[in-house]
Amino acid sequence: MTWQSIRISRFGGPEVLELVEQPTIPAPGPGEVRIKVLAAGTGFTDSFIRRGRYPDFKGKLPFTPGYDLVGIIDKTGPGVTARREGELVADLCVVGGYTQYAIRPARLLVPVPVGLDPAEAVCIPLAYLTAFQMLTRACSLPRGATILVIGASGSVGTAFLDLARHLGLTAIGTCSARNMAAVERFGATAVDRRAGDFVTRVQDLTAGRHAVGRNDGAGVDAAFDAMGGGHFAPTFACLKAGGMLVGYGSQTMAVGGEGLLSAGLGLARLKLWGAVPWLFGGRHAAWYSITDRRLTHPDEFTADMATLFGLLRDGAIHPVVIDRLPLAAAREVHARIDAGGLGGKIVLLPWSTS
Ligand SMILES: NC(=O)c1ccc[n+]([C@@H]2O[C@H](COP(=O)([O-])OP(=O)(O)OC[C@H]3O[C@@H](n4cnc5c(N)ncnc54)[C@H](OP(=O)(O)O)[C@@H]3O)[C@@H](O)[C@H]2O)c1
């Protein structure tokens, strides 16, 4: 029996995603399991990797893309005792998700409660965990605090808004005009990122209805920005005294909107704001990376995933799955991701044919 996966043999546009038929089903080695993948998440980071610009993964070619997956353990390899065949698991694999079968180290897998929709569950490992750890690990925000989410209509952005609502935070989100409804459905205030200066708009919104421009009370408690580079400075300007900016991406550089130097300067600014906050009215900043955090805090990774799957099982959070498509649609999916502003996540269902 043949099986299917997506392969990238050179970096580039969506056209480099190829659907391939594999002749033999691989066997897991020591410490590994074979997973029958039920749902593979897609998102901007997959596009970043496909372009060959992602700092944490540059090859080796060929490889199968796909940052996260949910599936059933089909076979355990020698020495695997903590996981069992038939168990539903999630994996933040970075690459390797767009496939019917994945061979993965057993120690990195997280159990998924039985009965969850795999397409909703696969929104947890990358999108929701990223937002959750920034809201609860990178920052300490009391109920009622106000946050600013840049790119609020995306996979991570909608996860931020959903979790903010759950945590009792007030959210403001920037997005394109066509995505304002996607942001407002979470109870957040949408700011059209192309209609004037978003910094003034955020300052006005937080200073109160009648205030104009900046005053001492204006600004948000925390802001989250994955555009990076030159975008960090205006986002930092939206903070109130003592507020925190968390930078977590270089999306503008990834799409060719600015160079490596500009992205590097953005990171240098982030470091400066983090090192000497007293020079900036107590406003400070930090960088967040889900893969770095998993390496340095593996226990948090497991605990936070379990918390999020519990919230999903209890109906406390509501991931936005905008489409469920077969592997054969991978090119189309990446073209849509590259066009931007999806309003949620597209999930690949590797065993579906239509
Ligand atoms: N550091 C980490 O651990 C980590 C983890 C996960 C993801 N990420 C990064 O987080 C970012 C978001 O990922 P995602 O999967 O949510 O992507 P996504 O679904 O494509 O969402 C990004 C959103 O940003 C908005 N946007 C595009 N260009 C913009 C610009 N120039 N200025 C402001 N907003 C813009 C788009 O919405 P509108 O068109 O509506 O504005 C889009 O919905 C990516 O850069 C990804 O690499 C980092």
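Residues numbered from 1 in each chain as written. Predicted model: local features only at pLDDT ≥ 70, side-chain atom pairs only at ≥ 80, totals over all residues.

### Topic: the sheet that holds strand β9 (residues 170–175)
Argument step 1. Read from one edge to the other, the open sheet built from six strands follows the order β10-β9-β8-β11-β12-β13, with strand pairing classed as parallel. Because the sheet does not close on itself, it has two edges, and the strands there are β10 (189–192) and β13 (284–287). When the angles between neighbouring strand axes are averaged without regard to direction, this sheet yields 20°.
Argument step 2. Across four bridges, the pairing between strand β8 (residues 146–149) and β9 is parallel. From the neighbouring strand, V149 faces β9, where its bridge partner is G173. (Pairing = 2+ DSSP bridges. Helix = DSSP H or I, 4+ residues; strand = E, 2+ residues; numbered from the N terminus. Axes fitted to C-alpha atoms, helices over the stretch in contact; angles between N-to-C directions.)

### As for the site of the ligand
Argument step 1. With respect to spatial proximity, 31 residues lie near the ligand, and among them G43, F44, G151, G154 and G341 are the closest.
Argument step 2. Those elements that provide at least two residues to the shell around the ligand are α1 (44–50), α3 (124–138), α4 (155–167), β9 and α8 (251–254).
Argument step 3. Among the residues forming the shell around the ligand, the class breakdown is 13 nonpolar, 17 polar and one charged.
Argument step 4. Composition of the shell around the ligand by domain shows at least three residues from each of domain 1 (3–123 + 320–348) and domain 2 (126–291). (Near = placed C-beta within 6 Å. Nonpolar A, V, L, I, M, F, W, Y, C, P; charged D, E, K, R; others polar. Domains from an automatic or database assignment.)

### A short note on unusual backbone geometry
Argument step 1. Cis geometry marks the peptide bond from L61 to P62; its omega dihedral reads -15°.
Argument step 2. Positionally, P62 belongs in the loop between α1 and β4 (68–76).
Argument step 3. The backbone of V94 shows a phi angle near 70°, a positive value even though the residue is not glycine.
Argument step 4. Topologically, V94 is positioned in the loop between β5 (88–92) and β6 (101–105).
Argument step 5. Looking at V94, the number of C-beta atoms within 10 Å reads 19, which means it is partly exposed. (Buried ≥ 20, exposed ≤ 12 C-beta atoms within 10 Å, placed from the backbone.)

### With respect to helix α6 (residues 198–207)
Turn by turn, an α-helix covers 3.6 residues, leaving residues three or four places apart pointing in a common direction.
Argument step 1. Where α6 is concerned, the buried positions are F198, V202, Q203 and T206. Looking straight down α6, one finds that the buried residues subtend no more than 135° of arc, so they occupy a single side.
Argument step 2. Buried positions along α6 lie against β8, β9, β10, β11 (220–225) and α7 (232–236). (Arc of directions from axis to C-beta. Contact = placed C-beta atoms within 7 Å.)

### What about the domain arrangement of the protein?
Argument step 1. If you check the domain split of the protein, you get domain 1 (3–123 + 320–348) and domain 2 (126–291).
Argument step 2. Domain 1 and domain 2 are separated by 29 Å when their C-alpha centres are compared.
Argument step 3. Residue-level contacts link 19 residues of domain 1 with 16 residues of domain 2.
Argument step 4. For the side of domain 1 that touches domain 2, the element with the highest residue contribution is α1, accounting for three residues.

### Looking at the packing of α3 against α4
Argument step 1. As a packed pair, α3 and α4 sit with axes 8 Å apart at the nearest point and diverge in direction by 50°. Classified by the interaxial angle, the pair formed by α3 and α4 is oblique. Crossing hand, α3 versus α4: right-handed. Taken together, the residues of α4 that come into contact with α3 (itself represented by A127, Y128, T130, A131, F132 and L135) are S155, V156, A159, F160, L163 and L167. (Parallel < 35°, antiparallel > 145°, perpendicular 65-115°, else oblique. Left-handed = near helix turned anticlockwise from the far one by under 90°.)

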